[in-house]
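# Structural overview for review
Below are the chains, spelled out letter by letter.
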Amino acid sequence: MLEQAADIDRLIDEAERIGVVGSPSSTSELALDVLASAADKKLVGEFGLFRFRQDGKNHYALGQITEVKLRNVWHEDPTMRSLIRQRGRVDAVSERQDTHQGEMTVSAVFARDGSNYRPSILGTVPATGTPICLVDDRVLDALLAPYRNQLFYLGRVYGSTPKLPLWFKHFGHGPDGAGEAYHLGIFGKTGSGKSVLAKMILLAYARYPQMAMLVLDPQGEFAKDLRGEPTGEFRLPMNDVLRRLGKPTKVLSVRDLVLDRWELFAQILYESPFFEQLSVPKGENRELACQTLADRLRRAKVHLRDLHTRDAFDKAWQLLGEEQIQKVFYRSESSRARFQSMYEEADPDQFYNAYWRPVTWLFREDRKDAQKVDSLLYQLLVPKEKEGTRPLMVIDLSEEQARKASGDVSSLPLFGGNADVQDQPTMLWNETIQALVVKRLLEGIRSAAEAAYKESRSLNTVV
Ligand SMILES: Nc1ncnc2c1ncn2[C@@H]1O[C@H](COP(=O)(O)OP(=O)(O)OP(=O)(O)O)[C@@H](O)[C@H]1O
Ligand SMILES: [Mg+2]
């Protein structure tokens with residue numbers, strides 16, 4: 001370790017000097033007087049490093065150069081300006097009298113403590129003339145050696161060569177924990193690399209066995225990666241890395257989910273063509289009709305998981321024929337009369353097969369390998385007994401998977417009679433239903449988080 005400490009001073013002495021601390025400087029932003037030898041270098045975005053004394057100890061400050069300004073006071077002089085206007089330049093002044101001043105934002109400070117480096121702050125401004133040098137990988141490696149196991153590299157410093165060291169700590173406590181959750185956002189235009197970056201960050205967190213990870217995957221692109229069908233040019237070997245990290249992974253699709261809330265049933269029925277076909281357009285009336293139907297079925301002790309049966313449908317159909325119920329969603333007699341005539345003309349067999357089953361399929365519990373949202377979240381959030389490991393779970397919510405699971409609903413042959421044909425699963429899926437399912441998952445997480453918070457536990461989960 002002592003060797004390492006010496007190393008850093010040697011590396012700094014050997015590193016390329018680009019400038020010195022100038023004036024005015026503050027603890028948040030330093031002025032950098034650029035040396036003539038470095039004036040024609042690309043400096044913006046580069047990492048600079050300087051050594052200074054604070055509280056009798058050697059300190060090392062790392063920062064990024066954010067701006068370079070050129071100044072030549074002679075060129076600003078009115079007489080000179082008119083000369084320059086005529087001649088283009090004044091040899092004694094142009095270029096020669098140029099000064100370049102950069103701005104540097106300090107991002108990390110380390111104090112040398114015996115043979116070790118510990119994080120510190122810039123508590124004073126170093127003297128003008130303090131040399132600033134360019135950082136390369138060797139300097140970073142030496143300085144960050146004690147943290148080697150915690151560092152993660154997503155890429156290089158923007159437009160430059162050193163690898164940018166980053167910390168991705170899990171959200172729990174302990175030496176590798178941040179002690180609180182961090183929210184991250186990745187923004188950028190289409191094709192700028194957001195998804196790839198998100199996957200890399202995911203891998204950074206996947207190093208922690210105790211961290212639970214849930215990916216809600218609307219396009220199915222994370223699921224593809226984990227199934228070993230990477231997309232895009234940049235082939236990130238997600239699967240290999242996760243396997244090597246020993247992170248258990250699980251990819252689920254919508255067909256593996258069983259929905260478990262009456263209000264979801266009402267909302268999905270609303271989105272479905274069921275009431276469209278009875279000439280109840282989207283709006284308040286249809287909303288009331290769906291809520292009432294769900295409510296009455298529940299009161300009639302029909303279970304959500306049995307909604308797909310012909311019996312349950314028959315019950316629902318009967319309820320819709322009752323004037324007392326029609327009055328809830330159609331107040332005026334003329335509207336009710338119109339509805340009643342549509343209802344009487346409709347073929348219940350067709351309604352059951354084409355419109356009722358695709359909606360209620362999502363609530364069936366007897367589907368192979370399918371599980372309820374709550375039990376799925378339990379698997380995600382509750383650690384495996386001994387090892388304390390928690391998985392990375394991807395829920396593929398793409399339309400492609402939904403269609404694969406059920407065949408295209410619109411092209412399904414209509415079949416009457418046998419209501420429980422298991423190998424003819426039909427399900428309804430669209431963006432709104434996708435959003436409802438995401439909402440259900442997030443509500444589950446939120447209530448788990450609330451419960452954990454009450455017990456002063458951290459969920460230590462990245463979503
Ligand atoms: N660091 C990288 N190096 C090389 N190629 C990359 C890198 N990051 C992304 N790519 C490639 O660039 C393309 C777009 O990346 P990506 O899909 O991550 O972008 P995006 O911002 O998520 O796009 P969208 O807005 O369409 O979702 C892909 O082909 C990807 O493989
Ligand atoms: Mg993307």
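Residues numbered from 1 in each chain as written. Chains lettered and ligands numbered in written order. Predicted model: local features only at pLDDT ≥ 70, side-chain atom pairs only at ≥ 80, totals over all residues. Heavy atoms only, no water.

So, about the nonpolar core. The nonpolar side chains of a soluble globular protein tend to be buried, and buried together. Counting residues in hydrophobic clusters, the biggest one holds 65 residues, and the most contacted among them are Phe265, Phe274, Phe275, Leu278, Leu297 and Trp356. Top contributing element to this core by residue count: helix 8 (residues 262–271), with 7 residues. If sequence neighbours within four positions are ignored, Trp356 has contacts with Phe265, Leu269, Phe274, Leu293, Leu297, Leu307, His308, Thr309, Phe313, Ala316 and Phe351. (Core = buried A, V, L, I, M, F, W, Y, C linked by side-chain atoms within 4.5 Å. Buried < 20%, exposed > 50% of the residue type's maximum accessible area, 1.4 Å probe, protein only. Helix = DSSP H or I, 4+ residues; strand = E, 2+ residues; numbered from the N terminus. Contact = heavy atoms within 4.5 Å.)

With respect to the helices and strands, the residue Asn72 is situated in the loop between strand 4 (57–71) and helix 2 (73–76). What Asn72 contacts, discounting residues up to four positions off in sequence, is Val93, Ser94, Glu95, Gln97 and Asp98.

With that settled, the discussion passes to the packing of helix 8 against helix 16 (residues 431–454). Across the interface, helix 8 lies against helix 16 with an axial gap of 10 Å and an inter-helix angle of 165°. Considering their axes alone, helix 8 and helix 16 lie roughly antiparallel with respect to each other. Considering the relative orientation of helix 8 and helix 16, their crossing is right-handed. From helix 8, Glu263, Leu264, Gln267, Ile268 and Glu271 reach across to helix 16, where they touch Thr432, Ile433, Leu436, Lys439, Arg440 and Glu443. For the contact of helix 8 with helix 16, the class distribution of residues is 4 nonpolar, 2 polar and 5 charged. (Axes fitted to C-alpha atoms, helices over the stretch in contact; angles between N-to-C directions. Parallel < 35°, antiparallel > 145°, perpendicular 65-115°, else oblique. Left-handed = near helix turned anticlockwise from the far one by under 90°. Nonpolar A, V, L, I, M, F, W, Y, C, P; charged D, E, K, R; others polar.)

Our next topic: the domain arrangement of the protein chain. Considered domain by domain, the protein chain is made up of domain 1 (2–149) and domain 2 (180–463). Between the C-alpha centres of domain 1 and domain 2 the distance comes to 55 Å. (Domains from an automatic or database assignment.)

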